[in-house]
Amino acid sequence: MVKSSEVSGFYKKPVEERLKFIQEFACLTDEEVATLRNTGGLPMGTAEKMIENVVGGLTLPMGIGVNFRINGKDVLVPMVIEEPSVVAAASNAAKMARARGGFSADFSGPVMIAQIQLVDVPDPFKASEIILSRKKDILELAAKQDPVLLQAGGGPRDMEVRLLDTKMGPMVITHLLVDTRDAMGANAVNTMAEAVAPLIEQMTGGRVYLRILSNLAVHRLARAKAIFERDVIGGEAVVDGILNASAFAEADPFRAATHNKGVMNGISSVVLATGNDTRAIEAGAHSYAARNGRYTSLTTYEKDADGNLVGSIEVPMAVGIVGGATKTHPVARIALKIMDIKSASELAQIIACVGLAQNFAALRALATEGIQRGHMGLHARNVAISAGASGELVEKIAERMVKEGKVRADRAKELLAEYAHK
Ligand code: NAD
């Protein structure tokens, strides 16, 4: 019998019925069903309300990033990730940063952008002028949509209007800039964009299509900085190795993608641990890295007057502590408690620090492995001796092998034969 994945009303069925259905469909054992049913620290009843068609959960390990000192305060950072070494690397970097007081961080403020796409306007310039001239009315209408946000000290702050030339013709894009305080703000600003759209249509005679936030949250930037003391991180060669690695990422998108993946190892694991939206943060980070038309690195490194390494990061950080899963997932609440988080701004700053720590650790490991070539000399001498070299031939053969990048017994023997015939 051909199995069908078409199930009417699957969403209405109780979890047990859904489980029964997929057990039959996929021939799952009772044990496998029991494993699915175990939702760990997230009760099934809560999981069911978070997304649709729930049948279980997938638990990932939560590790604690230790040694972090951020703006003069010690913080334990919960990180949820499936990849080994990430938590250890971040903790190690944070330890090295402590010699100079740890990380300093700041935040530009929780201002989110909502976009309203206007088309079919005969005169886009005129339309943009009209929209800007009615800024007060538009912002007032937007503000009315979320009295709770207003009470929390947030709300619409400003507007931007941009003209786009597209293959479908000119478009007038209005940005509502909304202070979303401790919320990530997606729902908050989407509601506002939808509310003001008819007014924008009415005043311009155009037609609005999309009304939704932008994940390129350029008005919501988290920044972090740390000084890594030269002698703590392994000396001048390590500093120079990291500077070169960083320059490589700045200049080359192929390298920048991997460089930033390392940054996101740190960032996404804290975003996930706190129940925030990893896709939103990742979309924001990568689009920010390409904001000047070429994809580049999210971090920068410099050498200070004393030869120490100064690392910094700047990244959009639209995270919240009141909405979505940050509120509903019990483990996310505990993660916030572990960090003693009182505002979304604090969380954003911690996350930026972890991103920088992770990146520093990765670059140091890469640069140090390169620097390990020095150690290859020692290894090559041993290989040469094992192959039968003696006297000054040991050094000569070892040097040749290191130069060629072929530190191997077979090559040592070849070279030995070559020198024997000279
Ligand atoms: P939300 O709507 O659940 O909560 C935000 C609301 O909480 C505010 O609008 C406000 O009314 C209230 N609030 C109470 N105290 C507050 C305080 N101190 N500061 C600010 N607001 C306070 O959540 P949200 O943050 O608007 O939306 C987040 C969710 O939206 C996430 O789950 C995300 O995945 C999802 N989402 C994302 C996108 C995207 O990124 N493109 C699009 C749509 C939805």
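Data block above holds the structure.
Heads up: these notes are all about the structure in this document.

Quick notes on the rules
Residues numbered from 1 in each chain as written. Predicted model: local features only at pLDDT ≥ 70, side-chain atom pairs only at ≥ 80, totals over all residues. Heavy atoms only, no water. Helix = DSSP H or I, 4+ residues; strand = E, 2+ residues; numbered from the N terminus. Rg over C-alpha atoms; globule rule 2.2 N^0.38 Å. Buried < 20%, exposed > 50% of the residue type's maximum accessible area, 1.4 Å probe, protein only. Areas by Shrake-Rupley, 256 points an atom, 1.4 Å probe, with all protein chains shown as cover. Lys, Arg positive; Asp, Glu negative; His and termini not counted. Charge placed at Lys NZ, Arg CZ, Asp CG, Glu CD. Core = buried A, V, L, I, M, F, W, Y, C linked by side-chain atoms within 4.5 Å. Contact = heavy atoms within 4.5 Å. Phe/Tyr/Trp six-rings, centres within 6.5 Å; stacked < 30°, edge-to-face > 60°. Pairing = 2+ DSSP bridges. Axes fitted to C-alpha atoms, helices over the stretch in contact; angles between N-to-C directions. Salt bridge = Lys/Arg side-chain N within 4 Å of Asp/Glu carboxyl O. Parallel < 35°, antiparallel > 145°, perpendicular 65-115°, else oblique. Left-handed = near helix turned anticlockwise from the far one by under 90°.

Counting its regular elements, the chain contains 18 helices and ten strands. Taken over C-alpha atoms, the radius of gyration comes to 28 Å for the chain, far larger than the 22 Å a tight globule of 422 residues would show. Judged by the C-alpha coordinates and their principal axes, the chain covers about 90 × 60 × 50 Å. Within the chain, buried positions represent 45% of all 422 residues. Element-wise, carbon and sulfur atoms account for 55% of the exposed surface of the chain, whose accessible area totals about 21,400 Å². Taking the 48 positively charged and 48 negatively charged side chains of the chain as two groups, their mean positions are separated by 1 Å.

In summary, soluble globular proteins display a tendency toward joint burial of nonpolar side chains. One finds Phe 103, Leu 176, Ile 267 and Met 317 to be the most contacted residues of the largest nonpolar core, which totals 92 residues. Ranked by the residues each element gives to this core, the list is headed by helix 15 (residues 344-371), at 13 residues. Apart from residues no more than four positions distant in its own chain, Leu 176 is found in contact with Met 112, Ile 113, Ala 114, Ile 116, Ile 138, Leu 139, Ala 142, Asp 158, Met 159, Met 192, Ala 193 and Val 196. Within the second largest apolar cluster, 14 residues are counted, among which are Ala 387, Ala 389, Ala 412 and Leu 416.

In this section: the packing of aromatic side chains. Across all of its chains, the model carries five aromatic pairs by this definition. Each ring, one from Phe 228 and one from Phe 360, has its centre 3.7 Å from the other, and the planes form 0°; the classification is stacked. Of this pair, Phe 228 sits in strand 8 (residues 221-228) while Phe 360 sits in helix 15, placing them 132 residues apart in sequence. Given a relative accessible area of 0%, Phe 228 falls into the buried group.

Right, let's talk about the sheet that holds strand 6 (residues 169-179) for a bit. The antiparallel open sheet is built from four strands, whose spatial order is 5-6-4-7. A single partner strand is all that each edge strand has here, and the edge strands are strand 5 (155-166) and strand 7 (207-214). Ignoring which end each strand starts from, the neighbouring axes of this sheet average 20° apart. Pairing of strand 4 (residues 111-119) with strand 6, which is carried by eight bridges, proceeds in the antiparallel orientation. When the sheet's bridge partners are listed, Gln 115 is paired in strand 6 with His 175. Strands in contact with helix 5 (residues 124-133) are strand 4, strand 5 and strand 6; relative to strand 5, the strand with the most contacts, it is inclined by about 180°.

Attention now goes to the pattern of salt bridges. Under the definition given, this model contains 24 salt bridges. Between Asp 179 and Arg 157 there is a salt bridge, with its nearest N and O atoms 3.4 Å apart. Of the two residues, Asp 179 sits in strand 6 while Arg 157 sits in strand 5, which places them 22 residues apart along the sequence. Under the relative-accessibility criterion, Asp 179 is labelled buried at 6%. Judged by its relative accessible area of 43%, Arg 157 falls in the partly exposed class. Residues joined by salt bridges that share partners form a network here, namely Arg 400, Glu 404, Arg 411, Glu 414 and Glu 418.

On to the packing of helix 5 against helix 8 (residues 186-204), then. It is at 9 Å that the axes of helix 5 and helix 8 come closest, and there the two elements cross at 125°. By the angle between their directions, the pair helix 5 and helix 8 is classed as oblique. Here the hand of the crossing between helix 5 and helix 8 comes out right-handed. Only Ile 200, Met 203 and Thr 204 of helix 8 make contact with helix 5, whose side of the interface consists of Ala 127, Ile 130 and Ile 131.

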